[in-house]
Amino acid sequence: GNQHEFPSDVFAGEVFSKVARFFEDTARYKAAIEMYQRARELYDVASQSLAVAEADYSIARVLTYTAEYKRSEAMLQTALAIYVREKGDSCVEVGDVRNRLGALYVLTNQLKEAELQLQKALHIRQQHLGERHSRCGHTLKYMMMLHEARRDYVAAKRDGEQALAIVEDAFGRRSPLLSDILTRLGRIAVAEQRFDDGERYMKRALSISEGFFGAQHTDTATVLYELGCFYLVRPERIGDSDAEYSQDIAEDNLRRALDVRVALYGEQHPDVATVLNRLGALMVERTEFDEAEKYFSRAYSTRVAMLGKQHSRVAQTLRHQITCYQLQEKYEEAAACAEQLIDIETHDKGEEHPRTVAVLIRVGEIYFLRDGNRSEAGAAALDKAIAIRKKSLGDDHKQVRELLELKRSLQIPAPPPVPSLARLGIAAPATNASANSLFSDQQEEEEEEEQRAPPPIDNVRAALLDAIR
């Protein structure tokens, strides 16, 4: 009869939730979402609003792993509204949801909102659970991520070390919960040029992750990716004489990370594109341009499919592609990428933003390299950049004078053709791949954003001439 429907629905929902958690823990995310959704439906039928909120929270957590951020945020907001209505705005469950929202906002670079949510979550958790509770450690880990995104490494190290100590006290020194904290502490150590500390943190993280989850897990892939980035940046930062050996180690780790992520997520996932982008940058440094083009093409296709053509991550891949094509003197392809990049920057920042102007200057150079010293397209692009600079900086500003000089030099008949760097067997100029390889894509974009004044003009023709002197 009806009196038995309520408990049976709840019981079945609990079973589905436990199965979902198993799928989640074994990185089978699609199956986990399906099981959580079935549990939610049963809870809803039984009018168990708090259980519905818990299911929404769980689904949102998994959607974060699959990079479905908007859906995740919507589920979290639904869960938050239920908990506030049923239990008040300072209950432990509200702290849990705010903690997850804060983490999501860090991932999506909404840092002010992230800070607000994490501060509220930490206050609730400390008030109800005590300052040394493991959940406080989790919130401090996300605070560390927030500070790292802002490049406040002192604060990031402080919160990260505190999170590490709390989680170690709660679960021991081999807990899988430590892997992400250790990896991020490693990134921070490398950012502060404490390379031995960075390597030690990351190797410990890899040992824990492989030991607990095995080789084919998202946490293991994350550590492998960061270790690959570490070995890319280390030779350049400390003058390691065996840079080629370090690059080989980096490539091995990056390829392993790529294989795991493709196996878990398929090709169409932002984390896959991140590794592809990094591998492409490494191939450019080695002047293995055919391989670089393949990696960048895959990264571009994935990012457009997942994020749309106007996203800043797509712009980042286009920048790499432009460099790759320029170094091969493939100016037609470089120009096509640069034109797409201008569209993105104009859409995102506006026509007169310094980053947009910097791309416009680069397009002008490429047109001159493609068409020769009488390039009308090149002159038009540089004239537009000059007009914008004059408007914002004044006619006699140094950057305006540099641009005028650049245009004049490009309109001088070119010297006799010189071999490309690739044909000469000379390593390409630094493409910023190693210097930034310890950072995530998001952080690279933030670094570019901080450069309000564009960098000195890069005359590719001069670079080619310098390379053979």
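Here, the structure is the one placed above.
Residues numbered from 1 in each chain as written. Predicted model: local features only at pLDDT ≥ 70, side-chain atom pairs only at ≥ 80, totals over all residues. Heavy atoms only, no water.

Undergrad: Help me understand the pattern of salt bridges, please; the structure alone is not making it clear to me.
TA: If charged atoms from side chains of opposite charge come close, those side chains can pair. The final tally for this structure, using the stated rule, is 40 salt bridges. When the shortest N-O distance is used, the salt bridge between E251 and R286 registers 2.3 Å. One end of the pair, E251, is in helix 12 (residues 243-265); the other, R286, is in the loop between helix 13 (270-285) and helix 14 (289-307), and 35 residues separate them in sequence. Residues E251 and R286 agree in their burial class; the two are buried. Note that K330 and E293 form a salt bridge whose closest N and O atoms lie 2.8 Å from each other. You can see K330 sitting in the loop between helix 15 (312-327) and helix 16 (331-349) and its partner E293 sitting in helix 14, a full 37 residues away along the chain. With relative accessibility at 27%, the residue K330 sits in the partly exposed group. Here the residues in one salt-bridge network are K141, E148, D180, R184, R187 and E226, joined through shared partners. (Salt bridge = Lys/Arg side-chain N within 4 Å of Asp/Glu carboxyl O. Helix = DSSP H or I, 4+ residues; strand = E, 2+ residues; numbered from the N terminus. Buried < 20%, exposed > 50% of the residue type's maximum accessible area, 1.4 Å probe, protein only.)

Undergrad: Any chance you could explain a nonpolar patch on the surface here in plain terms?
TA: Taken together, F11, V15 and V19 make up a surface patch of nonpolar side chains, about 260 Å² in accessible area. With respect to the helices, strands and loops of the structure, F11 is situated in helix 1 (residues 2-25). (Patch = residues over 30% accessible without salt bridge, like charges linked within 9 Å, V, L, I, M, F, W, Y side chains within 5 Å. Areas by Shrake-Rupley, 256 points an atom, 1.4 Å probe, with all protein chains shown as cover.)

Undergrad: Looking at this structure, how should I read the side chain of R100?
TA: If you trace the backbone, R100 turns up in helix 5 (residues 92-107). E24 provides the closest opposite charge to the buried, unpaired R100, separated from it by 6.5 Å. (Lys, Arg positive; Asp, Glu negative; His and termini not counted.)

Undergrad: Can you help me understand the packing of aromatic side chains in this one?
TA: Two aromatic rings, taken as a pair, are described by how far apart their centres are and by the angle between their planes. Under the definition given, this model contains five aromatic pairs. For the pair F212 and F213, a centre-to-centre distance of 5.0 Å together with 80 degrees between the ring planes defines the contact as edge-to-face. F212 gets classed as exposed once you look at its relative accessible area, which sits at 52%. Ring geometry for F230 against Y231: centres 5.1 Å apart, planes inclined by 75 degrees, an arrangement best described as edge-to-face. Considered together, F230 and Y231 belong to a single accessibility category, that of buried residues. Through a chain of ring-to-ring contacts, three or more aromatic side chains come together here, namely Y29, Y65 and Y265. In this structure, R200 is placed above the aromatic ring of Y201, and the distance from its NZ or CZ to the ring centre is 4.9 Å. The residue whose ring lies beneath R261 is Y225, and the NZ or CZ to ring-centre distance is 5.4 Å. (Phe/Tyr/Trp six-rings, centres within 6.5 Å; stacked < 30°, edge-to-face > 60°. Lys NZ or Arg CZ within 6 Å of the ring centre and 35° of its normal.)

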